[in-house]
Amino acid sequence: MVSGKHVQRPKRVFAVALRLAQEVEKKRERKRGRPPTYPDYLYLALLIFRSYYNWTYLETEAFFRDLFPGEPCPSFQARY
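Residues numbered from 1 in each chain as written. Predicted model: local features only at pLDDT ≥ 70, side-chain atom pairs only at ≥ 80, totals over all residues. Heavy atoms only, no water.

(A) Here's a closer look at the packing of aromatic side chains. A full pass over the atoms with the stated rule returns 11 aromatic pairs. Their ring planes at 85 degrees and their centres at 5.6 Å tell us that F14 and F49 sit as a pair that is edge-to-face. Remark: F49 occurs in helix 2 (residues 40-53) and F14 occurs in helix 1 (residues 10-27); sequence separation between them is 35 residues. On the basis of an interplanar angle of 15 degrees and a centroid distance of 4.7 Å, the ring pair of Y53 and W55 is categorised as stacked. Taken as a pair, Y53 and W55 share a single burial class, namely buried. (Phe/Tyr/Trp six-rings, centres within 6.5 Å; stacked < 30°, edge-to-face > 60°. Helix = DSSP H or I, 4+ residues; strand = E, 2+ residues; numbered from the N terminus. Buried < 20%, exposed > 50% of the residue type's maximum accessible area, 1.4 Å probe, protein only.)

(B) Inspection of helix 2 at higher detail. With 14 residues, helix 2 extends 20 Å from end C-alpha to end C-alpha; this agrees with the ideal 20 Å at 1.5 Å per step. Here helix 2 has its buried residues at D40, L42, A45, L46, F49 and Y53. Positioned one or two residues after helix 2, N54 has a phi angle of 60 degrees, which is positive. (Expected span 1.5 Å × (residues − 1).)

Take a look at the structure:
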């Protein structure tokens, strides 16, 4: 986990990561090709979440599924 005095709650950290990722996604346009299974901003938010806690992707995925059981989460083996 994160060391230091200011450790944030995981749901709040993910909410901030998701907001950041959605802002990046707004600036990018997709015009052609097959739509992805999961939105790019979800991958980016999980990456930010993962780096904040310094976890592996498998740990991040498991934690995300525990925090948000009804939300879609790309598995470790998912591809675009």
